[in-house]
Structures are given as structure tokens and as C-alpha cells.
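Examination of the molecular architecture
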Amino acid sequence: MEEVRASSAWVASRSSHVVVDSSGIEKVVETIRGSIPKIEWDFEGIHYFDNGPLTVQYLFVLDALNFCFWPDKDLSYDHLASGLKAAVQNDTSVFDADRLQKCTGPQLRELLKWPRPLPLEDERIRLLHEVGFELERSFGGKAANIVESCGKSAANLVALIARHFPGFRDHSIYKGHQVFLYKRAQIFAADLWGAFKGQGYGEFSDIGSVTIFADYIVPAVLRQLGVLKYSSTLASIIEANSEIGSGSEEEVELRACSVYAVEKMRELIKIKSGKQVLSVELDLWLWSFGIQSPSLQHHRTLSIYY
Ligand SMILES: Nc1nc2c(c(CN[C@H]3C=C[C@H](O)[C@@H]3O)cn2[C@@H]2O[C@H](COP(=O)(O)O)[C@@H](O)[C@H]2O)c(=O)[nH]1
């Protein structure tokens with residue numbers, strides 16, 4: 001994840017639409033006084049968990065589809081997590097690699113009990129096929145085998161997933177440089193860690209190397225907290241709910257500056273209180289705050305990455 005951290009810092013040092021405000025970071029750190037509210041993984045009670053390899057398969061499929069809910073104002077991540085949970089409870093072979101490869105749009109809608117086409121549905125189906133195909137080709141059909149081959153390293157896991165599954169290669173080109181954000185690959189590692197409570201499939205010796213997951217909720221929360229400042233043009237685009245192009249400077253800055261700001265926050269917490277908090281914990285705190293603030297306006301980008 002060093003490349004996520006380094007390339008995000010590179011963007012933050014050159015950004016013009018989004019600025020990381022260090023006094024905003026200081027204020028947040030002062031307010032929390034070294035202890036961020038602990039948010040339980042699955043605080044919503046919407047995820048499948050059986051303490052075994054089927055949970056790993058479930059989480060991998062979940063994170064393969066964990067992007068872009070906003071184009072349908074009634075759809076959210078909750079529907080995906082709980083819909084896939086109900087599907088696997090009803091049929092434990094639903095995420096078998098051969099079935100993933102054959103899944104169609106109407107079948108996915110039926111699984112999720114969603115009455116109309118999903119946003120980017122054709123992309124979601126393409127990605128499910130890719131996951132099923134590559135799981136079968138290289139991992140005996142089981143996501144648990146990916147995890148077992150990463151030597152309890154989240155960084156290895158993210159690298160392995162990015163190498164095998166093109167849909168997880170979350171990156172952009174910014175001012176000629178390649179920027180890595182790996183949101184869904186990293187969130188898969190974090191989901192394993194959270195679900196299995198750092199044991200078994202969730203044991204990673206380097207969980208501290210995972211950064212936040214640059215989505216559309218966390219930047220909005222950071223802005224609300226005064227950590228991110230937007231240019232007036234960007235602010236009005238977001239206020240008007242206008243779309244921001246995937247890979248545009250604005251979009252890359254929103255995401256990369258969020259990663260960088262939380263890394264800075266983490267460093268400052270360490271300096272001020274001596275406590276070593278994880279970006280995964282900061283992420284869940286910020287994200288859960290964001291989804292409980294429906295009035296928070298977020299940026300809108302059509303993307304398969306987040
Ligand atoms: N940074 C960050 N982004 C996250 C998550 C999660 C869920 N993580 C689970 C893990 C444990 C908990 O119990 C959570 O349930 C989803 N997202 C992103 O949010 C957006 C969905 O928004 P809306 O349209 O309002 O549902 C979309 O981009 C989605 O990819 C997270 O944790 N961190």
C-alpha cells in the first residue's frame with residue numbers, strides 16, 4: 001500500500017481544486033483527544049458471517065460490486081450487503097465460481113430483490129464474470145485460497161488481487177503520473193480483518209499499512225470537518241449534483257487528498273497522544289458518520305472503483 005500512500009501524497013502536494021487544511025486536521029485531532037469512537041464492523045447487522053471460507057467468498061463478491069450506488073437515489077450499500085447475505089443464506093452455492101461466470105443482470109437483480117436495473121449493471125455483471133473466471137482459473141474457485149496464499153499480509157493480498165482481477169485495479173493518471181487508490185481491494189482486506197476480528201482469514205500482520213478507502217462519502221465528511229477545502233468551482237459542481245468525470249483532476253484530487261489527509265491525521269494523533277490508530281478504524285468512523293448524515297452532499301462520478 002506504499003504506492004497508495006506515496007501517490008496520494010504526490011497529488012496532495014500539487015492539487016488545486018482540493019486543499020488539505022492542516023489546521024482542520026489539528027482541530028479534529030484535538031476534539032477526539034487520541035481516542036476515536038470505536039465503530040464495530042457490521043454495526044448495521046447487514047453482512048453474512050459464518051466464520052468460514054463461505055464468508056470470504058461472500059465478502060469478495062460483495063467488494064467486487066461495492067461501487068456507485070448513488071445514481072439510484074433509493075439504492076445504497078446496505079441493499080447490496082444484505083441482498084447478497086439473503087442470497088447465500090438461501091443457497092450456499094450461489095457464489096460458486098461457475099455460477100458467477102453465468103450470472104445475468106436480471107438474475108443479479110433477483111438476488112438483490114431490486115425491482116429495476118442496477119446502476120452500471122452491465123459493468124457489475126462483467127466484473128462478476130471476471131471474478132468467477134479468474135477464481136476458477138487460478139484459485140480453485142475459492143476466494144479463501146487467495147487469502148491463504150498472501151502470507152497474512154494485507155499488502156500482499158491487495159497486490160495479488162490487483163494482479164489477477166483487472167476490475168480491482170483502481171488507479172488514475174494525474175498530471176502524467178500513475179496514482180493508485182485500490183479502494184475495493186483494500187476494503188476487502190479490511191472487511192476480512194473486521195469480520196474475522198483479526199483472526200483466521202482476517203489475520204494480517206500489516207493491517208496498519210491499509211489506507212482509507214477513497215469513496216464518495218469520506219471526502220464529504222472530511223470537508224464537513226474542515227479538513228478538506230474545495231475551490232469555489234468544485235464546490236458549486238458538487239452543490240449542483242453535477243457529474244465529475246472519472247479520472248478528471250478534480251476527481252483524483254478528491255480521492256487522493258482524502259487518503260493523504262487521513263494519513264496526516266493518523267500521524268498527528270500519534271504525536272499528540274502516542275496512540276497508534278489504524279486508517280481502517282478512522283475510515284469506519286468517518287464513513288459511518290457520513291452515511292448517518294443524509295444531508296451531506298457528495299461528489300458524483302460514474303466509476304466501477306468506488
Ligand atoms: N470508505 C468507505 N467506503 C465504504 C465503506 C462501505 C461499507 N463497509 C462496511 C464495512 C464495515 C461496515 O459495517 C460497513 O458496512 C461502503 N463504502 C462505500 O460507500 C459508498 C456507499 O454509500 P451509499 O450510496 O450511501 O450506500 C460507496 O462508494 C461504497 O463503496 C466503508 O467502510 N468505508
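Predicted, not measured: the structure shown is a model, and the values here were computed from it.

**Remarks on the overall build of the protein chain**
- Within the protein chain, the secondary structure is distributed over 14 helices and four strands.
- Considered along the principal axes of its C-alpha atoms, the protein chain spans approximately 50 × 40 × 35 Å.
- For the protein chain, the share of sequence-separated contacts (at least 6 apart) that also reach a separation of at least 24 residues comes to 77%.
- Working note: accessible area of the protein chain is about 12,900 Å², and carbon and sulfur atoms make up 51% of it.
- Across the protein chain, the 32 positively charged side chains and the 39 negatively charged ones have centroids separated by 3 Å.

**Topic: the pattern of salt bridges**
- Tallying each qualifying case throughout the model produces 18 salt bridges.
- With a closest N to O distance of 3.6 Å, Glu2 and Arg5 form a salt bridge. Highlighted residues: Glu2 and Arg5, both in helix α1 (residues 2-12), separated by three residues, approximately one helical turn.
- On the accessibility criterion, Glu2 (54% relative accessible area) is exposed.

**A short note on helix α7 (residues 121-139)**
- Spanning 19 residues, α7 covers 26 Å between terminal C-alpha atoms, matching the ideal 27 Å at 1.5 Å per step.
- Glu121, Arg124, Ile125, Leu127, Leu128, Glu130, Val131, Gly132, Glu134, Leu135 and Phe139 are the residues of α7 that are buried.
- Where α7 is buried, its residues contact α3 (53-64), α5 (97-102), α6 (105-112), α8 (143-148), α9 (154-164) and α10 (183-195).
- Once α7 ends, the next one or two residues include Gly140, with phi positive near 55 degrees.

**What to know about the site of the ligand**
- In the vicinity of the ligand, 22 residues are found, and the nearest of them are Asp42, Glu44, Asn66, Lys183 and Asp283.
- Within the contact set of the ligand, an oxygen atom lies 2.6 Å away from a side-chain nitrogen or oxygen of Asn66.
- In isolation the ligand has 670 Å² of accessible area, and contact with the protein removes 94% of it.
- Only α10 and α14 (279-291) provide two or more residues apiece to the shell around the ligand.
- Looking at the shell around the ligand residue by residue, the class counts come to 13 nonpolar, three polar and six charged.

**As for the nonpolar core**
- Residues Phe60, Leu135, Ile146, Leu157 and Leu192 are the most contacted members of the largest nonpolar core, which totals 116 residues.
- Per-element accounting of this core gives the leading share, ten residues, to helix α13 (residues 249-273).
- Each residue touching Leu135, except ones within four places of it in the same chain, is listed here: Gln57, Phe60, Ala97, Leu100, Gly140, Gly141, Lys142, Ala143, Ile146 and Phe165.

Calculation notes
- Residues numbered from 1 in each chain as written.
- Predicted model: local features only at pLDDT ≥ 70, side-chain atom pairs only at ≥ 80, totals over all residues.
- Heavy atoms only, no water.
- Helix = DSSP H or I, 4+ residues; strand = E, 2+ residues; numbered from the N terminus.
- Contact = heavy atoms within 4.5 Å.
- Areas by Shrake-Rupley, 256 points an atom, 1.4 Å probe, with all protein chains shown as cover.
- Lys, Arg positive; Asp, Glu negative; His and termini not counted.
- Charge placed at Lys NZ, Arg CZ, Asp CG, Glu CD.
- Salt bridge = Lys/Arg side-chain N within 4 Å of Asp/Glu carboxyl O.
- Buried < 20%, exposed > 50% of the residue type's maximum accessible area, 1.4 Å probe, protein only.
- Expected span 1.5 Å × (residues − 1).
- Near = heavy atom within 4 Å.
- Polar contact = N/O pair within 3.5 Å; in protein donor to acceptor, adjacent residues only side chain to side chain.
- Nonpolar A, V, L, I, M, F, W, Y, C, P; charged D, E, K, R; others polar.
- Core = buried A, V, L, I, M, F, W, Y, C linked by side-chain atoms within 4.5 Å.

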